[in-house]
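The residues making up each chain are set out below.
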Amino acid sequence: MQLLDGKLIADQIKTEIAKEVMDNFLNKGKNPPHLAAVLVGEDPASQTYVASKEKDCREVGFMSSVYRYPSSISESKLMEVINFLNMDDEIDGFIVQLPLPAHINSNRIIENIKPSKDVDGFHPVNVGRMALNIPSFLPATPYGIIMLLERYNIETQGKHCVVLGRSNIVSILLSRKGNPGNCTVTICHSFTPNIAEIAVSADILIVAMGKIGFVTSDMVREGAVVVDVGIHRVPAEDTKSGYRLKGDVLYDEVAKKCSYITPVPGGVGPMTRVSLLLNTLRAAKKEITF
């Protein structure tokens, strides 16, 4: 068994990004890429994630800005913020941290982000272009998974990939023509009968069910590649934070059967964050035309 070490690969990619920022921006007298985040409310997980993005930006030499608003902000006022960021030439890309308060329609907010600044890859234009294999900003988690498979030279062509959870985007990416890609993909979800029987047929098993320890060893074939997208906080009195992070896969028993497996934490999470940096770099370079 070999770890698909997302932290290791993310650190390598950060080094590559930092070099490009120095060589192609700073040394040429250009402003570095600028990533902005819009944070509404006081959700602790969202605050932690945005703080991590700020740290990532500093590490690679990006500029970063955070626009913080109370949860009481109206949808119309938030839309004004989106329009301002769309028009600000100093900002290359921005994200709106989800979830938003219940009185705000998240879809309307996302649809009003300029596609060329949508570095989260959630705008319908980016999702549609991705589905058609036209250059686009890819959503960070699927993008991170694809890069992790690519960096570890995991063979995908002709393989059977089973996705547990309604992750349509990673399914499209792995089934389209290219490398990584050319997989036969099966999507399973909570209403899929015989889900264990389907899972055990997978060469590559991607798990995003949102249920802690959902995948057990009897659901995994010998030599399979397992990517655990799940992340859950489990109380732990012997840790400084008071919790441990666990995934959707029962790691200790499943790992023994795998050829490759992602840990939690340190697998998909760091790759998600570095994917956002790569999208921002591409936005700053104007690589994608809309």
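Relevant structure appears above.
All values reported here derive from a predicted model rather than from experimental measurement. Numbering of residues starts from 1 in every chain and runs along the sequence as written. For this predicted model, a pLDDT threshold of at least 70 governs which residues receive local features, and a threshold of 80 or more governs which side-chain atom pairs are given and counted, while totals over whole chains, interfaces and linings are taken from all residues. Only hydrogens and water are set aside; all other atoms, that is, all heavy atoms of the structure, feed into the side-chain values.

(A) Local environment of the sheet that holds strand β4 (residues 93–96). Two strands are counted as paired when DSSP detects at least two bridges linking them. Numbering of helices and strands runs from the N terminus; a helix is a DSSP stretch of H or I covering at least four residues, while a strand is a stretch of E covering at least two. Read from one edge of the open sheet, 3 strands run β3-β2-β4, paired in parallel fashion. Two strands bound the open sheet, and with one partner strand each, they are β3 (63–69) and β4. Strand-to-strand twist of the sheet, defined as the mean angle between neighbouring strand axes without regard to direction, takes the value 15°. Across 4 bridges, the pairing between strand β2 (residues 34–40) and β4 is parallel. Bridge pairing in β4 links Ala 36 to Phe 94. Whether two residues are in contact is decided by their heavy atoms: any pair within 4.5 Å suffices. To obtain each axis, a line is fitted to C-alpha atoms, and for helices this fit is confined to the stretch in contact; angles are then taken between N-to-C directions over 0 to 180 degrees. With respect to the sheet, helix α2 (residues 44–60) is in contact with β2, β3 and β4, its orientation differing from that of β3 by roughly 160°.

(B) Quick look at helix α3 (residues 75–87). A helix's residues, less one, multiplied by 1.5 Å, set its expected span. With 13 residues, α3 ought to run about 18 Å at 1.5 Å a step, and its terminal C-alpha atoms sit 19 Å apart, in line with that. Each residue is placed in one exposure class: buried if its accessible area under a 1.4 Å probe, protein chains only, is under 20% of its type's maximum, exposed if it is over 50%, and partly exposed if it falls in between. Those residues of α3 that sit buried are Glu 75, Leu 78, Met 79, Val 81, Ile 82, Leu 85 and Asn 86. End-on, the buried residues of α3 take up no more than an arc of 155°, which puts them together on one face. Throughout, the arc means the angular range of directions from the helix axis out to the C-beta atoms.

(C) Inspection of the state of the cysteines at higher detail. Pairs of cysteine sulfur atoms within 2.5 Å are identified as disulfides in what follows. Counting across every chain of the model gives 0 disulfides. Not engaged in a disulfide, the cysteine Cys 161 finds its nearest cysteine sulfur in Cys 183; these two sulfurs lie 5.2 Å apart. Here Cys 188 stays unpaired: no disulfide links it, and the sulfur of Cys 161, its closest cysteine neighbor, is 10 Å away. By relative accessible area, Cys 188 is classed as buried at 0%.

(D) Here's a closer look at unusual backbone geometry. With omega at 5°, the peptide bond leading from Leu 98 into Pro 99 counts as cis. With respect to the helices and strands, Pro 99 occurs in the loop between β4 and α4 (106–111). Along the chain, Val 264 connects to Pro 265 via a cis peptide bond; the corresponding omega equals 0°. Residue placement: Pro 265 occurs in the loop between β11 (258–261) and α10 (268–284). Of note, the phi angle at Asn 194 is positive, near 55°, even though the residue is not glycine. Within the element layout of this structure, Asn 194 appears in the loop between β6 (184–188) and α8 (195–199).

(E) Spotlight on the side chain of His 232. If you trace the backbone, His 232 turns up in strand β9 (residues 232–235). Assessed through its relative accessible area of 18%, His 232 is described here as buried. What qualifies as a polar contact is a pair of N or O atoms within 3.5 Å, subject to a donor-acceptor requirement within protein and to the restriction that residues adjacent in sequence count only when both atoms come from side chains. At 2.6 Å, the side chain of His 232 and the side chain of Asp 248 are in polar contact.

(F) Structural detail: the nonpolar core. By nonpolar core we mean a set of buried residues, namely Ala, Val, Leu, Ile, Met, Phe, Trp, Tyr and Cys, connected to one another through side-chain atoms within 4.5 Å. Counting residues in each nonpolar core, the largest one holds 47 residues, and the members touching the most others are Ile 13, Ile 17, Phe 62, Leu 174, Ile 206, Met 271 and Val 274. The element contributing the most residues to this core is α10, with 9 residues. With sequence-adjacent residues up to four places away left out, Phe 62 is seen in contact with Ile 17, Val 21, Pro 32, Pro 33, Cys 57, Leu 277, Thr 280 and Leu 281. Membership of the second largest hydrophobic core comes to 19 residues, among which are Ala 199, Val 207, Val 220 and Val 249.

(G) Representation of the pattern of salt bridges within the structure. What makes a salt bridge here is a side-chain nitrogen of Lys or Arg within 4 Å of a carboxyl oxygen of Asp or Glu, nothing more. Tallied over the full model, the rule gives 14 salt bridges. The partner of Arg 151 in a salt bridge is Glu 16, with the nearest N and O atoms 3.0 Å apart. Within this pair, whereas Arg 151 is found in helix α6 (residues 140–151), its partner Glu 16 is found in helix α1 (residues 6–24), the two being separated by 135 residues in sequence. For Glu 287, the salt bridge goes to Lys 285, with nearest N and O atoms at 3.0 Å. Residue classification places Lys 285 among the partly exposed positions, given a relative accessible area of 35%. Where salt bridges share partners, they join Lys 14, Lys 55, Asp 56, Glu 59 and Arg 273 into one cluster.

(H) Just the packing of aromatic side chains, in detail. Between 30 and 60 degrees the pair is tilted, below 30 it is stacked and above 60 it is edge-to-face, where a pair is any two Phe, Tyr or Trp rings, Trp via its six-membered ring, whose centres lie within 6.5 Å. This structure, assessed with the given rule, holds 3 aromatic pairs. On the numbers, 6.5 Å between centres and 65° between planes, the contact of Tyr 67 with Phe 84 is edge-to-face. With a gap of 17 residues between them, Tyr 67 in strand β3 and Phe 84 in helix α3 connect regions that are remote in the sequence. Where Tyr 152 meets Tyr 260, the ring centres are 6.2 Å apart and the plane angle is 65°; that geometry is what we call edge-to-face. Highlighted residues: Tyr 152 in the loop between α6 and β5 (160–164) and Tyr 260 in strand β11, separated in sequence by 108 residues. Judged by its relative accessible area of 13%, Tyr 152 falls in the buried class. In this arrangement the basic side chain of Arg 129 is found over the ring face of Phe 290, its NZ or CZ atom lying 4.7 Å from the centre. Definition used: whenever NZ (Lys) or CZ (Arg) falls within 6 Å of the ring centre and also within 35 degrees of the ring normal, the charge is taken to sit over that ring.

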